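Topology and contacts: notes
Chain by chain, the residues:
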Amino acid sequence: MALDQAQPVPTEPRQSIALDGAEALRLLGSVSYGRIVFTQHALPTVRPVNHVLDDGDIVIRTHERAALTSRTRQANGQGVVVAYEADVIDPDTHLGWSVVVTGYAHLVTDPQQLARYQELLRPWVGRAMDYAVRIRPDLVTGIRLAPADV
């Protein structure tokens, strides 16, 4: 099987270094986008989204018909288990970092908080994003891919 536009794989060895939770959240806060993972029809669903880190919580914007909006609304305040992943990995050197946060997602219902997030976080897509979802991290893990000490 031929790969389209495959990048050459560096031959130098790499090491995976575990990040502590504080460093992982700091790195996640240094980028503006990631991927949210949630369950839809009993199967995992992944969506790329932009985010803001607010006092340790991840906040994303959604719209009325979004699957995540519907799932969090159905949870009746209990929250929906989600994972959120962000990374920066250089395509040439394959060095960088990756962070995964697991926690509960809740709709932001307070009008003042919602207005604040609408100012802080501009969606990338050209549609009305009238909802916000806050993810409270319960588990934060991450790795740094670095050159191996040979």
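Inspection of the sheet shows strand E2 (residues 33-40) paired to strand E3 (residues 43-50) by 8 bridges, in the antiparallel sense. Directly across from Phe38, in E3, lies its bridge partner Thr45. Here E2 folds back onto E3 in antiparallel fashion, the turn holding 2 residues, of which His41 has a positive phi close to 55°. Bridge count between E2 and strand E6 (residues 80-89): 3 bridges; the pairing is antiparallel. Of the residues in E6, the one forming a bridge with Ile36 is Tyr84.

One can find Val52 in strand E4 (residues 52-54). Note on Val52: relative accessible area 19%, which makes it buried. Separated by 19 residues in sequence, Val52 and Tyr33 place their C-alpha atoms 8.3 Å apart. Non-local contacts of Val52, meaning those with residues more than four positions away in its chain, are made with Asp57, Ile58, Val59 and Leu121.

Examined against the element boundaries, Val88 turns out to sit in strand E6. Of the residues examined, Val88 reaches a relative accessible area of 38% and is grouped as partly exposed. Along the chain, Val88 and Asp20 lie 68 residues apart, while their C-alpha atoms are 17 Å from each other. Excluding residues that lie within four positions of it along the chain, Val88 makes contacts with Val31, Leu95, Gly96 and Trp97.

In this structure, Ile36, Ile60, Val82, Tyr84 and Val99 are the most contacted members of the largest nonpolar core, which totals 25 residues. Looking at this core, the elements that each hand over two or more residues are helix H1 (21-29), E2, strand E5 (57-62), helix H2 (67-74), E6, strand E7 (96-107) and strand E8 (131-147). For this core, the element with the most residues is E7, which contributes 5 residues. Leaving out residues up to four positions away in the same chain, Val82 has contacts with Ile36, Val37, Phe38, Leu68, Val101, Thr102, Gly103, Ala105 and Ile135. Among the nonpolar cores identified, the runner-up in size contains 7 residues, and Val59, Val108, Leu114 and Ala132 belong to it.

Reading guide: rules and limits
- Within any chain, residue numbers begin from 1 and follow the written order of that chain's sequence.
- Local features in this predicted model are restricted to residues of pLDDT 70 or higher, and side-chain atom pairs are both shown and tallied only at a pLDDT of 80 or more, whereas totals for entire chains, interfaces and linings draw on every residue.
- Side-chain metrics rest on all non-hydrogen atoms present in the structure, leaving aside hydrogens and water.
- Paired strands are those between which DSSP finds at least two bridges.
- Strands here are runs of E lasting at least two residues and helices are runs of H or I lasting at least four, both read from the DSSP assignment and numbered beginning at the N terminus.
- Per-residue accessibility, obtained with a 1.4 Å probe over protein chains only, is compared with the maximum for each type, and a residue is labelled buried under 20%, exposed over 50%, and partly exposed between these values.
- The contact criterion used throughout is that any non-hydrogen atoms of two residues lie within 4.5 Å.
- Residues belong to one nonpolar core when they are buried, are Ala, Val, Leu, Ile, Met, Phe, Trp, Tyr or Cys, and are joined through side-chain atoms within 4.5 Å.

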